[in-house]
Amino acid sequence: MIRIPILNYHCVADYPAPWIAEYTVTPGDFERHLDAIADGGRTVVPVARLADASRGRRALPRNPVVITFDDGFADFADVAVPALAARGLPCTFFAATGSLEGRRRRETVFPPHPMVSWSRLPELEEQGVEIGSHSHTHRDLDLADPRVAADEVVHSKELLEDALGHEIRSFAYPYGHFTPRLRREVAACGYDSACAVRGRLSRVGDDVYAFARLPLLASTTVEEVSAWMTGRGARVASARPDTLGIRTDRLYRRVLRMPVLPEDALADLPEDALAAHH
């Protein structure tokens, strides 16, 4: 079984905003991660090639690794891509289209932050970047109304295809969260692969609409990255991605979103409703 590390980056900066700091690696650490990939004898491929191999359309190199970036922070284009291009390494960039610079109105759950501009997308493709969709507003689609989620999936794809003039094949679920319904929606909209997170090594035979990725955090060490390159340091993804743990996490997040009634409103509720509320 070929173990495939799919690395999931967000921000590469020395001084990140507090809200994204946990998911930020420094430029120096990013360079060291790329060195660990080279030292591990891995060949970097984009998500689309992994999807093709999973469908039997083309072969993978002997020891593949995939590098992905989510969201669309400006440091991806300014810091990460030059480091990758200098080594001739491709990557996949999942853009949350509502946050990209250059449109009249921002439509995103992100706080204000420098983001990649629409005008730079063709340039990024020329530098070896595969561009995929990360929804439009980056809301939690597995908890959203199904019609809203479908619109997010379709709208972001259409915007990117209009901007780039070609099909967008890959999708990444915001926050890595998905449901069987959302997975089917992504497939029905014409994407041929999707990435979750899952904190696992992927493999040939992984669910093509829920590729497992390994999140790169501020606390991730170079030693951890080196271990992933040898196929160690993390479990291998299961063939059934919608596990009990994922469903439990989804229920927990739903409960957190339930409105809390003020105490004076509770006096008018019957006892069985009070028990349910608490």
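None of the values given here were measured: they were computed from a predicted structure. (Residues numbered from 1 in each chain as written. Predicted model: local features only at pLDDT ≥ 70, side-chain atom pairs only at ≥ 80, totals over all residues. Heavy atoms only, no water.)

### Looking at the overall build of the protein
Here comes step 1: Secondary structure summary: the protein contains 10 helices and 12 strands in total.
Here comes step 2: Put simply, the protein has 278 residues, and 50% of those count as buried.
Here comes step 3: The contacts in the protein between residues at least 6 apart in sequence include a share of 64% that link residues at least 24 apart.
Here comes step 4: When the accessible surface of the protein is totalled, it reaches about 13,300 Å², and 52% of it is carbon and sulfur. (Helix = DSSP H or I, 4+ residues; strand = E, 2+ residues; numbered from the N terminus. Buried < 20%, exposed > 50% of the residue type's maximum accessible area, 1.4 Å probe, protein only. Contact = heavy atoms within 4.5 Å. Areas by Shrake-Rupley, 256 points an atom, 1.4 Å probe, with all protein chains shown as cover.)

### Focus on the packing of aromatic side chains
The relative placement of two aromatic rings is captured by the distance of their centres and the angle of their planes.
Here comes step 1: Inspection of the entire model under this criterion finds 11 aromatic pairs.
Here comes step 2: Three or more aromatic residues link up through ring pairs in this structure, and these residues are Tyr9, Phe30, Phe69, Phe76 and Phe93.
Here comes step 3: The positively charged end of Lys157 is found above the aromatic ring belonging to Tyr191, 5.4 Å away from the centroid. (Phe/Tyr/Trp six-rings, centres within 6.5 Å; stacked < 30°, edge-to-face > 60°. Lys NZ or Arg CZ within 6 Å of the ring centre and 35° of its normal.)

### Describing the pattern of salt bridges
Here comes step 1: Applying the stated rule across the entire model yields 16 salt bridges.
Here comes step 2: For the salt bridge of Arg105 with Glu107, the shortest nitrogen-to-oxygen distance reads 2.9 Å.
Here comes step 3: Taking the relative accessible area as the measure of exposure, Arg105 reaches 58% and is therefore exposed.
Here comes step 4: Given a relative accessible area of 23%, Glu107 falls into the partly exposed group. (Salt bridge = Lys/Arg side-chain N within 4 Å of Asp/Glu carboxyl O.)

### Topic: the packing of helix H5 (residues 146–164) against helix H6 (residues 180–188)
Here comes step 1: H6 packs onto H5 with a crossing angle of 35 degrees between their chain directions and a minimal axis gap of 10 Å. Crossing handedness for the pair H5 and H6: right-handed. Contacts from Pro146, Ala149, Ala150 and Val153 of H5 reach H6 at Arg181, Leu182, Glu185 and Val186. (Axes fitted to C-alpha atoms, helices over the stretch in contact; angles between N-to-C directions. Left-handed = near helix turned anticlockwise from the far one by under 90°.)

### Some points on the pairing of strand E7 (residues 91–95)
Here comes step 1: Most of E7 is tucked away, with 5 of its 5 residues classed as buried.
Here comes step 2: Alternating positions in E7 separate into two faces, Cys91, Phe93 and Ala95 on one and Thr92 and Phe94 on the other, with burial throughout.
Here comes step 3: By the bridge criterion, 4 bridges tie strand E6 (residues 64–71) to E7 in an arrangement that is parallel. Along E7, the bridge assignment pairs Phe69 with Phe93.
Here comes step 4: Running through helix H3 (residues 74–86), the crossover from E6 to the neighbouring parallel element E7 is right-handed.
Here comes step 5: Bridge count between E7 and strand E8 (residues 129–133): 5 bridges; the pairing is parallel. Looking at E8, one finds that Thr92 is bridged to Glu130. (Pairing = 2+ DSSP bridges. Right-handed = clockwise from strand over helix to strand, strands pointing away.)

### A word on unusual backbone geometry
Here comes step 1: Positive phi values are uncommon outside glycine, yet His138 reaches one of about 70 degrees.
Here comes step 2: Notably, Tyr175 is not glycine yet its phi reads approximately 65 degrees, a positive angle.

### Some points on the confidence of the model for the protein
Here comes step 1: Overall, the predicted model of the protein reaches an average pLDDT of 88, with 86% of residues at or above 70.
Here comes step 2: Ignoring residues within four places in sequence, the model shows residues 247–278, a span with pLDDT below 50, making 24 contacts including any to other chains. (pLDDT = per-residue confidence, 0-100.)

### Side note on the environment of Ile4
Here comes step 1: Mapped onto the elements, Ile4 comes out in strand E1 (residues 3–4).
Here comes step 2: By relative accessible area, which is 0% here, Ile4 ends up buried.
Here comes step 3: C-alpha separation for the pair Ile4 and Ala212, spaced 208 residues apart in sequence, amounts to 9.2 Å.
Here comes step 4: Filtering out sequence-adjacent residues up to four positions away, Ile4 remains in contact with Arg42, Leu50, Leu60, Pro64, Val66, Leu201, Ser202, Arg203 and Val204.

### Points about the nonpolar core
A general trend in soluble globular proteins is that nonpolar side chains are found buried together.
Here comes step 1: Phe30, Phe69, Phe76, Phe93 and Leu121 are the most contacted members of the largest nonpolar core, which has 69 residues in total.
Here comes step 2: Ranked by the residues each element gives to this core, the list is headed by H3, at 6 residues.
Here comes step 3: Among residues more than four places away in sequence, those in contact with Phe93 are Phe69, Asp71, Gly72, Phe76, Val116, Leu121, Leu124, Val129, Glu130, Ile131 and Gly132.
Here comes step 4: Among the nonpolar cores identified, the runner-up in size contains 7 residues, and Ala13, Ile20, Ala96 and Met115 belong to it. (Core = buried A, V, L, I, M, F, W, Y, C linked by side-chain atoms within 4.5 Å.)

### Here we look at the side chain of Thr24
Here comes step 1: Assignment of secondary structure puts Thr24 in strand E4 (residues 24–25).
Here comes step 2: We classify Thr24 as buried; its relative accessible area is 5%.
Here comes step 3: With sequence-adjacent residues up to four places away left out, Thr24 is seen in contact with Cys11, Val12, Ala13, Pro16, Leu217 and Ala218.

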